[in-house]
There are 6 protein chains.
Amino acid sequence: MYQLLNTPPVPQLPWQDRPKNASELPLWRYDGNPVIGRHPQTGIARVFNSAVLPYQGGFIASIRGERTNGIPLIFLARSKDGLSWEIEKEPIDLRDKNGSPVALRYAYDPRLVLVDGVYYVIWCQDFYGAAIGMAKTTDFVHFEKLENPFLPFNRNAVLFPRKIGGLYTLLSRPSDSGHTPFGDIFLSQSPDMEFWGHHRHVMSPSGNWWENVKIGAGAAPIETDLGWLLFYHGVTGTCNGFVYSIGGAILDRDEPSRVLYRCKTFLLTPETDYEQQGFVPNVCFPCAAVADGATRRIALYYGAADTTVALAFTTVEEVLRYITENSETSEEDRSSGIR
Amino acid sequence: MYQLLNTPPVPQLPWQDRPKNASELPLWRYDGNPVIGRHPQTGIARVFNSAVLPYQGGFIASIRGERTNGIPLIFLARSKDGLSWEIEKEPIDLRDKNGSPVALRYAYDPRLVLVDGVYYVIWCQDFYGAAIGMAKTTDFVHFEKLENPFLPFNRNAVLFPRKIGGLYTLLSRPSDSGHTPFGDIFLSQSPDMEFWGHHRHVMSPSGNWWENVKIGAGAAPIETDLGWLLFYHGVTGTCNGFVYSIGGAILDRDEPSRVLYRCKTFLLTPETDYEQQGFVPNVCFPCAAVADGATRRIALYYGAADTTVALAFTTVEEVLRYITENSETSEEDRSSGIR
Amino acid sequence: MYQLLNTPPVPQLPWQDRPKNASELPLWRYDGNPVIGRHPQTGIARVFNSAVLPYQGGFIASIRGERTNGIPLIFLARSKDGLSWEIEKEPIDLRDKNGSPVALRYAYDPRLVLVDGVYYVIWCQDFYGAAIGMAKTTDFVHFEKLENPFLPFNRNAVLFPRKIGGLYTLLSRPSDSGHTPFGDIFLSQSPDMEFWGHHRHVMSPSGNWWENVKIGAGAAPIETDLGWLLFYHGVTGTCNGFVYSIGGAILDRDEPSRVLYRCKTFLLTPETDYEQQGFVPNVCFPCAAVADGATRRIALYYGAADTTVALAFTTVEEVLRYITENSETSEEDRSSGIR
Amino acid sequence: MYQLLNTPPVPQLPWQDRPKNASELPLWRYDGNPVIGRHPQTGIARVFNSAVLPYQGGFIASIRGERTNGIPLIFLARSKDGLSWEIEKEPIDLRDKNGSPVALRYAYDPRLVLVDGVYYVIWCQDFYGAAIGMAKTTDFVHFEKLENPFLPFNRNAVLFPRKIGGLYTLLSRPSDSGHTPFGDIFLSQSPDMEFWGHHRHVMSPSGNWWENVKIGAGAAPIETDLGWLLFYHGVTGTCNGFVYSIGGAILDRDEPSRVLYRCKTFLLTPETDYEQQGFVPNVCFPCAAVADGATRRIALYYGAADTTVALAFTTVEEVLRYITENSETSEEDRSSGIR
Amino acid sequence: MYQLLNTPPVPQLPWQDRPKNASELPLWRYDGNPVIGRHPQTGIARVFNSAVLPYQGGFIASIRGERTNGIPLIFLARSKDGLSWEIEKEPIDLRDKNGSPVALRYAYDPRLVLVDGVYYVIWCQDFYGAAIGMAKTTDFVHFEKLENPFLPFNRNAVLFPRKIGGLYTLLSRPSDSGHTPFGDIFLSQSPDMEFWGHHRHVMSPSGNWWENVKIGAGAAPIETDLGWLLFYHGVTGTCNGFVYSIGGAILDRDEPSRVLYRCKTFLLTPETDYEQQGFVPNVCFPCAAVADGATRRIALYYGAADTTVALAFTTVEEVLRYITENSETSEEDRSSGIR
Amino acid sequence: MYQLLNTPPVPQLPWQDRPKNASELPLWRYDGNPVIGRHPQTGIARVFNSAVLPYQGGFIASIRGERTNGIPLIFLARSKDGLSWEIEKEPIDLRDKNGSPVALRYAYDPRLVLVDGVYYVIWCQDFYGAAIGMAKTTDFVHFEKLENPFLPFNRNAVLFPRKIGGLYTLLSRPSDSGHTPFGDIFLSQSPDMEFWGHHRHVMSPSGNWWENVKIGAGAAPIETDLGWLLFYHGVTGTCNGFVYSIGGAILDRDEPSRVLYRCKTFLLTPETDYEQQGFVPNVCFPCAAVADGATRRIALYYGAADTTVALAFTTVEEVLRYITENSETSEEDRSSGIR
């Protein structure tokens with residue numbers, strides 16, 4: 001039986017049992033999807049690609065709020081049960097080291113990770129091109145913007161929930177500034193969240209067609225005795241656009257640029273109306289996976305069609321067994337990723 | 001209270017009150033949409049992007065009829081109540097000055113405007129490239145084709161409903177001959193509908209993402225004491241294609257290349273099945289706004305997903321207040337647009 | 001009254017009468033569509049673009065099974081009534097001349113044709129580029145892979161159900177290796193299914209917009225006294241992707257590179273949820289047309305949205321009359337197609 | 001013997017006789033080419049694509065001066081013999097109707113034409129996109145900027161040297177804002193140089209490969225009894241870029257949108273070092289043809305490789321005979337060009 | 001010492017010894033290059049990419065004549081010494097089986113090969129797309145056009161000078177219809193020059209950058225005891241266009257889809273003015289290699305910059321030694337090339 | 001008079017006085033260019049884009065050696081006078097921290113900088129995409145490869161010759177993996193050459209057309225009392241490819257992401273045969289500027305046409321005066337470059 005490590009209980013975790021008629025894939029959808037629909041707050045047209053953490057007996061989320069002017073910023077949302085959400089009216093109030101306000105032109109696809117008692121929000125913003133932005137908070141009131149970790153162009157950065165080898169460890173996906181038709185996952189480390197190095201390649205798109213165009217880290221990795229469980233997005237290209245599916249991999253606990261297992265099939269792919277239709281059709285974009293240390297259940301939040309927030313479930317046992325039984329790794333996946 | 005100018009009463013105007021659960025946006029949809037569905041007439045597969053005018057106590061429309069061979073032409077349609085429509089079997093019978101028939105290879109996205117007692121139909125046609133075509137009629141039986149006002153490549157031409165400074169005044173959008181990933185609104189004038197000049201730039205795509213790729217005039221402007229109310233389309237690009245939303249602006253009454261107010265948010269964006277799914281998903285394309293001089297209600301006709309005709313409502317009061325309160329104009333918008 | 005030639009009775013043919021409210025187009029949809037939905041078999045995500053033949057009192061199909069790793073292979077499926085299908089768990093077991101297994105990287109869009117007592121499966125595969133692959137069987141257990149008939153790049157190959165002038169005769173569509181924005185139908189012949197020549201051009205995309213980007217043969221042609229009835233796909237391009245419709249043509253019986261009639265309108269175009277929404281929205285892709293020699297009814301199987309298998313009906317009488325009455329051929333269509 | 005019409009003597013015209021070893025083509029190069037080399041004036045890196053007129057017993061030229069910041073503006077140059085040129089240090093001083101200065105962001109490829117005693121300079125400039133700019137002068141000191149004749153996007157506008165049917169007549173080439181891979185020549189007319197209409201199509205690229213990508217008017221047409229002699233540029237595309245050659249056509253004197261003769265071969269194509277090497281290799285771009293009414297000699301000025309100004313010679317007799325003997329016109333060429 | 005097989009003496013072969021200061025590469029240029037310059041015949045602008053065979057004590061060549069209308073056709077040329085050439089005024093007079101004339105829209109890059117006493121000319125032509133055309137002759141007066149061997153899109157077809165395994169054997173490069181940014185060499189066979197099959201993959205572009213975009217067969221292979229010596233072109237892409245170099249490989253004598261040796265460096269790359277400057281800069285395109293069975297010298301004809309014909313020399317000994325010593329083959333190269 | 005700081009005398013510096021007929025631009029070419037021609041060493045086809053430092057009374061250079069297989073690697077070269085060079089036969093022997101050899105697939109455009117007694121070589125290499133590689137040496141025999149400083153995609157990294165604010169400081173240009181049609185200069189810092197942060201934007205392409213597509217740092221900056229003198233390349237795009245010119249800027253000494261002066265004109269642009277013709281026509285690519293602390297002369301080495309190494313001269317006085325007198329900076333240039 002696979003063990004969750006460093007994962008406290010989350011009794012308030014939303015849950016539904018696997019439906020009888022489900023396919024053999026290890027993820028199943030919440031039947032009340034979407035969890036957050038259109039126009040959830042005045043001035044906000046769509047909410048999606050948002051990250052969730054347990055907080056004070058309920059949940060807190062950093063969300064991508066696409067305002068009615070089409071420009072996304074990061075908002076906070078709160079929920080008791082992880083299903084019904086209250087969204088703040090104003091975007092988070094970023095400050096620099098000296099407490100002066102920092103206004104972003106845009107910010108999207110935030111992830112939210114707790115490391116050593118500090119909450120980090122990590123997003124994509126403009127830095128003379130698409131780049132990674134970061135802030136930290138301990139109270140979700142004061143947000144201090146950190147140094148941008150990388151040069152442009154980069155997206156989909158996800159922090160590990162603890163230091164590895166004494167260093168903060170971050171996954172990201174170098175890209176271009178447009179609709180990027182390529183993309184690999186890389187890993188970088190920092191002693192201080194200020195200077196970054198030790199860049200390693202983790203995974204490329206594979207020969208499995210559902211992820212043959214680009215891939216990007218999704219949820220912050222979950223630590224298990226088998227390794228870090230990573231939910232990520234894999235993208236394929238059709239004559240009528242991209243299709244974003246959810247994939248899974250297990251990274252080495254001590255040297256996470258090494259991929260131990262990588263599932264050759266998707267775990268979830270767009271199939272419902274709310275995934276196939278919307279602002280960007282055919283998108284399932286995972287951003288947060290909350291694991292309950294007690295029951296070993298996992299609730300996975302994902303953006304649907306760049307329009308709504310949806311929810312799927314699995315258990316540590318089912319998803320790890322499925323990934324390991326359907327694993328296919330390349331030499332490049334298994335390597336340390338340095339050249 | 002904002003006043004409508006030069007706008008007679010239209011007692012037959014279709015209408016529904018604003019629904020209780022509507023968002024803060026000033027437009028709301030007719031709940032019987034789409035008004036015209038697929039295969040409305042033998043040989044016609046889809047009708048959309050069509051313009052409507054009050055006529056003889058009911059309504060008349062110049063419509064884009066996409067025939068079963070895929071080629072669009074302009075048809076007439078008639079309705080008593082603006083909701084139920086009868087479409088003619090044959091496209092309009094264009095004649096040149098001498099009464100000889102003029103056959104167009106294709107014609108699409110017609111607008112219909114009444115100026116000084118003459119009805120003008122304005123569309124996009126082939127003139128060794130996509131270009132503006134025009135005809136006039138007084139009885140909707142005899143249509144005289146006028147000189148093409150411009151060289152190619154151009155689309156989305158809309159006439160003002162009266163002369164300004166003694167000159168016919170036309171908005172249009174220079175483009176290329178393909179799926180044009182750019183586009184600004186320009187204004188041109190003519191003493192005689194034969195020779196054109198006084199070209200002025202009106203608006204560019206803005207930094208508000210819903211309209212950051214291209215924009216084009218939609219309905220013929222409505223005259224108010226605040227200025228010309230223009231409903232236009234704004235387009236953004238996603239990795240899976242364009243999204244067309246409806247925007248609003250107020251142009252100076254005497255020098256309409258000056259934008260007085262421009263709403264930074266969309267007024268309507270694709271959200272329903274009939275807007276998100278069809279021949280071209282995610283399109284709301286406004287072509288005619290009928291205002292009732294008595295009640296100051298507005299019925300806005302728009303093409304949905306290049307597949308059907310849909311209808312939305314607002315009032316002069318609500319839409320002008322929303323636009324002015326959410327206005328954001330650039331120096332270029334406010335300028336006369338000459339270089 | 002048009003006659004079917006060389007077409008035995010198929011009493012088990014599925015059938016529904018033309019609905020009352022159907023349009024003037026000669027094809028109508030089965031009201032239980034899709035015939036095969038998502039996840040029809042463990043490990044298979046989607047089944048579409050599949051070909052059907054009467055077999056042993058029921059039906060057999062070679063299907064495109066898009067596995068959960070996103071890679072398509074050819075599977076067999078069996079049905080008693082043509083509506084309810086049982087799909088094999090493993091792809092067909094290809095062998096070379098010596099009985100050694102042949103593993104394909106991928107294979108898709110299979111057609112299945114019976115010629116002189118031998119069943120031929122023809123598909124698109126990798127041959128250092130997209131190319132035509134072929135196999136033969138007499139028992140649907142042993143499949144011998146034949147020589148690839150052509151160099152890359154080619155797709156949509158369809159065999160005629162009998163030799164013409166003593167030569168095997170094949171339609172195909174030369175292409176590139178991507179999402180090919182062009183494509184004509186060509187014809188080639190072979191004395192022995194090993195060496196190929198007598199290449200002739202059949203048809204180009206036409207000026208009718210529904211098929212102005214590319215065309216490709218769909219179902220194996222049906223022999224009538226008027227000529228070979230060919231259902232094919234025609235593709236148009238919108239700013240949001242391709243739209244695949246179904247067209248019809250009649251080829252000369254003795255010299256089938258000559259097009260006798262070609263319908264200027266589509267016979268079916270995406271209009272339903274299952275055609276407009278899915279992995280590739282807006283696709284109707286015909287792969288097999290089963291005609292009943294007794295009733296002269298035709299059941300047409302087509303892929304919908306690259307996601308499911310759907311079914312439509314017509315009769316020889318209706319479809320031939322519609323095609324001939326709406327025919328428009330170019331000099332190039334009518335020519336022998338040699339340069 | 002072909003006659004020049006409305007063409008005064010130009011005794012100062014530069015001239016060299018046809019060399020013995022010339023090919024059969026009717027143009028031959030000046031052996032002192034280039035006439036104006038690099039860095040002809042402080043702050044100007046390159047001069048090319050410039051137009052020349054006889055003036056006060058010598059010549060005056062409006063030239064494209066590509067400054068050392070890479071941005072082109074229009075400068076004046078003066079010459080006694082048409083070979084040795086003195087270039088002004090500052091660009092021409094444009095004024096609006098009220099005498100206020102008009103600063104252009106850029107201006108290039110000027111043509112210079114004398115109509116009814118007024119000199120018109122016509123160029124390409126920014127008007128929220130590439131567009132035609134115009135000014136008039138009578139003394140080459142005061143330049144009044146006129147209304148821009150067209151909406152963007154347009155280039156290569158050339159005025160006829162006299163009104164036709166009482167209307168100013170202008171050739172131009174609608175385009176896009178980039179390196180335009182298409183382009184036809186159109187004609188437009190104006191009663192007053194303020195409002196424009198009567199748009200007609202003149203010629204498209206032809207099946208002759210040297211001009212199969214785009215064409216554009218070059219020198220102002222020369223009036224002969226056979227028709228208007230037009231030197232234009234024709235462009236073909238290779239895997240290593242465009243090649244610009246010089247072509248010739250004869251337009252109807254009274255209805256110049258009708259092409260009477262069009263030479264199927266180029267008259268000059270890049271072959272020398274100064275044409276094949278430079279800022280844009282492989283460019284011969286004609287901008288002015290000066291005809292001497294006495295000798296019927298023609299001196300043709302053309303830009304070479306977007307780097308220098310070069311000169312070629314012919315006679316009315318030779319060039320008209322060559323064009324008529326090698327003429328090939330399409331139905332579209334010969335038509336009036338209205339749709 | 002390497003032996004030439006089936007290669008008669010060619011005493012008239014042009015020759016120059018290797019210059020003292022030559023690099024280590026095994027090919028050296030004729031110091032009188034180009035052999036054929038611009039305008040070699042009335043109506044012909046450029047001659048390049050042409051093939052040469054010994055004939056009646058001198059040489060005969062099938063040449064690509066780019067006429068002054070820009071359209072290429074195949075012309076014959078004759079020479080006593082292989083250096084000074086006389087070119088016919090009219091293109092070759094193609095006839096079909098019945099003696100009726102066959103007019104090609106265009107034809108280019110001809111190869112000329114003698115098999116079993118018959119001369120075959122093989123070129124690229126229009127067959128509803130770029131495709132291979134072929135003719136045979138025994139007297140260079142009567143040319144019978146053969147069946148086109150393949151469907152479009154294909155270029156650079158080269159016949160082996162004898163049957164292999166009793167079958168005519170042809171190399172070619174499937175492509176698209178534009179400036180093709182990809183391309184592998186394939187092999188096909190025919191019992192009768194009418195029907196073609198046994199398609200095999202020979203080589204792909206390699207990781208050696210000079211040939212990392214596309215490759216294509218050049219000269220007809222020369223038979224040696226080591227295998228077939230193939231001179232081919234390899235293409236790389238720069239930000240300013242393609243660069244065509246000359247490479248060398250040795251194919252298995254009996255199964256020539258197997259590559260025994262493949263030189264990892266180019267043998268010649270554009271370095272001179274006539275190779276670096278012209279209609280298409282940076283092109284060395286080999287089309288014929290004439291070997292002298294007595295001296296084992298080789299004269300290689302190649303097109304330079306799509307503008308002229310040039311000549312280089314080597315010996316069987318030098319070139320085979322260089323290729324084998326610098327060989328690098330992939331598993332795919334060495335395989336039989338069937339999938 | 002401007003002072004050189006921290007710059008020792010270089011008595012061996014090559015030199016020629018400014019020629020009489022030079023233009024007003026502050027750089028003039030060495031009249032013996034190119035300094036290193038084609039095939040300078042067995043196995044090397046072309047040498048260009050190479051960096052030079054004074055060393056042991058002469059000079060040492062890290063050079064881009066494009067081998068005859070087309071793949072570039074870094075070689076060393078030595079010279080007494082900076083004009084005549086001896087190139088090593090093998091590329092530099094890179095080792096990791098443990099002394100194990102590191103083989104690069106390719107490496108190009110090296111810069112060579114001396115900081116605190118250690119020589120750093122910095123290049124572009126493959127790191128699952130184009131990225132910056134680095135090594136250090138003190139004896140030009142042992143080269144230790146350092147951590148890659150950044151994620152892909154990046155090129156044109158240049159180290160400052162001393163720490164600034166106690167941190168190593170590096171310029172670079174984030175890019176894509178192809179022929180990158182965009183590119184800004186950024187600055188990054190490191191306490192230890194292992195971890196990098198403090199990313200700042202320095203300059204974007206400007207509105208001056210010679211540098212309107214992309215820019216990249218060229219030579220390591222030269223310290224003067226006015227600020228850091230940076231020679232960089234600026235690129236414009238024509239219809240026939242990119243043109244690379246040399247520009248100049250002065251960066252703040254303490255906060256070098258601030259641009260104090262930026263020359264609006266190029267300092268040198270391709271004009272000679274060896275710059276306009278070659279593997280990539282129209283390229284002047286600066287890589288090293290050697291200043292003599294005694295005479296304040298500067299010798300600038302630049303790659304010409306990606307084919308040879310060339311040399312130009314200036315003085316500190318002339319170049320700083322020209323840059324400051326022709327300076328044009330944007331607010332973004334002058335800012336600290338953080339967002």
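Just above sits the structure.
Read on for a plain summary of the structure. (Residues numbered from 1 in each chain as written. Chains lettered and ligands numbered in written order. Predicted model: local features only at pLDDT ≥ 70, side-chain atom pairs only at ≥ 80, totals over all residues. Heavy atoms only, no water.)

1. Concerning the sheet that holds strand E2 (residues 44–55) of chain D
Residues and elements named next belong to chain D.
Line of reasoning, step 1. Ordered in space as E2-E3-E4-E5, the 4 strands form an open sheet in which the pairing is antiparallel. Taken across any chain shown, the strands that pair with only one partner, and hence form the sheet edges, are E2 and strand E5 (86–87).
Line of reasoning, step 2. Where strand E4 (residues 72–79) lies against E5, 2 bridges are found, and the strand directions are antiparallel. Bridge assignment links Arg 78 to a residue of E5, and that residue is Glu 86. (Pairing = 2+ DSSP bridges. Helix = DSSP H or I, 4+ residues; strand = E, 2+ residues; numbered from the N terminus.)

2. Structural notes on the arrangement of the chains
Line of reasoning, step 1. Nowhere do chain B and chain F come into contact; their C-alpha atoms are at least 18 Å apart.
Line of reasoning, step 2. If you take every C-alpha in chain C and every C-alpha in chain F, the smallest gap between them is 19 Å, and the two do not touch. (Contact = heavy atoms within 4.5 Å.)

3. Quick word on the interface of chain A and chain F
Many descriptions give the size of an interface as the accessible area lost when the pieces come together.
Line of reasoning, step 1. Listed as interface residues are 38 residues of chain A and, on the opposing side, 38 residues of chain F.
Line of reasoning, step 2. Carbon and sulfur atoms supply 62% of the area that chain A and chain F bury against each other, a total of about 3100 Å² over both sides.
Line of reasoning, step 3. Of all residues in chain A, Tyr 128, Leu 151 and Arg 339 of chain A bury the most surface against chain F, accounting for 30% of the area lost on that side.
Line of reasoning, step 4. Counting the contacts that link chain A with chain F gives 4 salt bridges.
Line of reasoning, step 5. Salt-bridge contacts for Glu 147 of chain F lead to Arg 200 of chain A; the nearest nitrogen and oxygen are separated by 3.0 Å.
Line of reasoning, step 6. Between the two partners, chain A and chain F, sit 11 residue pairs in polar contact (both at pLDDT 80 or more).
Line of reasoning, step 7. Those elements that place two or more of their residues in the side of chain A that touches chain F are strand E8 (118–126), strand E12 (168–174), strand E13 (185–190) and strand E14 (195–203) of chain A.
Line of reasoning, step 8. When residues in the side of chain A that touches chain F are grouped by element, the largest group, 7 residues, is from E14 of chain A.
Line of reasoning, step 9. In the side of chain A that touches chain F, the residues fall into 15 nonpolar, 14 polar and 9 charged. (Buried area = accessible area lost by both parts, 1.4 Å probe. Salt bridge = Lys/Arg side-chain N within 4 Å of Asp/Glu carboxyl O. Polar contact = N/O pair within 3.5 Å; in protein donor to acceptor, adjacent residues only side chain to side chain. Nonpolar A, V, L, I, M, F, W, Y, C, P; charged D, E, K, R; others polar.)

4. Overview of the relation of the copies chain B and chain A
Line of reasoning, step 1. Taken as rigid bodies, chain B and chain A are interconverted by a rotation of 120 degrees and an axial shift of 0.0 Å, the fit giving an RMSD of 0.0 Å. What the superposition gives is, in effect, a three-fold axis relating one chain to the other.
Line of reasoning, step 2. Interface overlap between copies is the fraction of interface residues in one copy that are interface residues in the other; for chain B against chain A it is only 4%, indicating separate surfaces. (Least-squares fit on C-alpha atoms with pLDDT ≥ 70 in both.)

5. Quick notes on the side chain of Lys 214 of chain D
Residues and elements named next belong to chain D.
Line of reasoning, step 1. Within the fold, Lys 214 resides in strand E15 (residues 214–217).
Line of reasoning, step 2. Despite its burial, Lys 214 pairs with no opposite charge; the closest candidate is Asp 176, at 7.1 Å N-O.
Line of reasoning, step 3. A distance of 3.4 Å separates a polar atom in the side chain of Lys 214 from a polar atom in the side chain of Tyr 244.
Line of reasoning, step 4. Non-local contacts of Lys 214, meaning those with residues more than four positions away in its chain, are made with Arg 173, His 179, Thr 180, Phe 182, Gly 183, Pro 205, His 233, Gly 234, Val 235, Phe 242 and Tyr 244. (Buried < 20%, exposed > 50% of the residue type's maximum accessible area, 1.4 Å probe, protein only. Lys, Arg positive; Asp, Glu negative; His and termini not counted.)

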